[in-house]
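Take a look at the letters that make up each chain.
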Amino acid sequence: MDLTALELAVHRLRDAEAALDAARADVELEAVAAVRKGGPVDKVSELCDLTPHDLLRMEKLTGDIPVR
């Protein structure tokens, strides 16, 4: 039995999941950076689909964010 097509599909799925995880991390860091720069918590949380509570918790727990 040839499982090549299945193996390729699994590989694509894993790549997509890794890309999603990386994008989510980018959004969270940018959201924290926006709040630290004075962005309104309600607007930032609405834009990035995080609760204000989660956003403020991340802001407190996140160390320095390197400037890009």
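So, how was this worked out
- Residues numbered from 1 in each chain as written.
- Predicted model: local features only at pLDDT ≥ 70, side-chain atom pairs only at ≥ 80, totals over all residues.
- Heavy atoms only, no water.
- Helix = DSSP H or I, 4+ residues; strand = E, 2+ residues; numbered from the N terminus.
- Expected span 1.5 Å × (residues − 1).
- Buried < 20%, exposed > 50% of the residue type's maximum accessible area, 1.4 Å probe, protein only.
- Contact = heavy atoms within 4.5 Å.
- Salt bridge = Lys/Arg side-chain N within 4 Å of Asp/Glu carboxyl O.

S.K.: I tried to follow helix α1 (residues 4–36) on my own but got confused; where do I start?
M.R.: Think of an α-helix as turning once every 3.6 residues; residues three or four places apart then point the same way. Here α1 contains 33 residues, and its C-alpha end-to-end distance of 48 Å stays within 8% of the 48 Å for a straight helix at 1.5 Å per residue. Where α1 is concerned, the buried positions are A31, V32, A33 and V35. Those residues of α1 that are buried lie in contact with α2 (41–48) and α3 (52–61). Just downstream of α1, G38 is the residue with a positive phi angle, here 100°.

S.K.: Quick question: what am I supposed to make of the pattern of salt bridges here?
M.R.: Pairing is possible between side chains of opposite charge, provided their charged atoms come close. By the definition in use, this model includes three salt bridges. With its nearest N and O atoms 3.5 Å apart, the salt bridge here joins D21 to R24. Here R24 and D21 lie together in helix α1, a separation of three residues that amounts to about one turn. R57 serves as the salt-bridge partner of D54, at 3.4 Å between the closest nitrogen and oxygen. With D54 and R57 both in helix α3, this residue pair falls three residues apart, about one helical turn.

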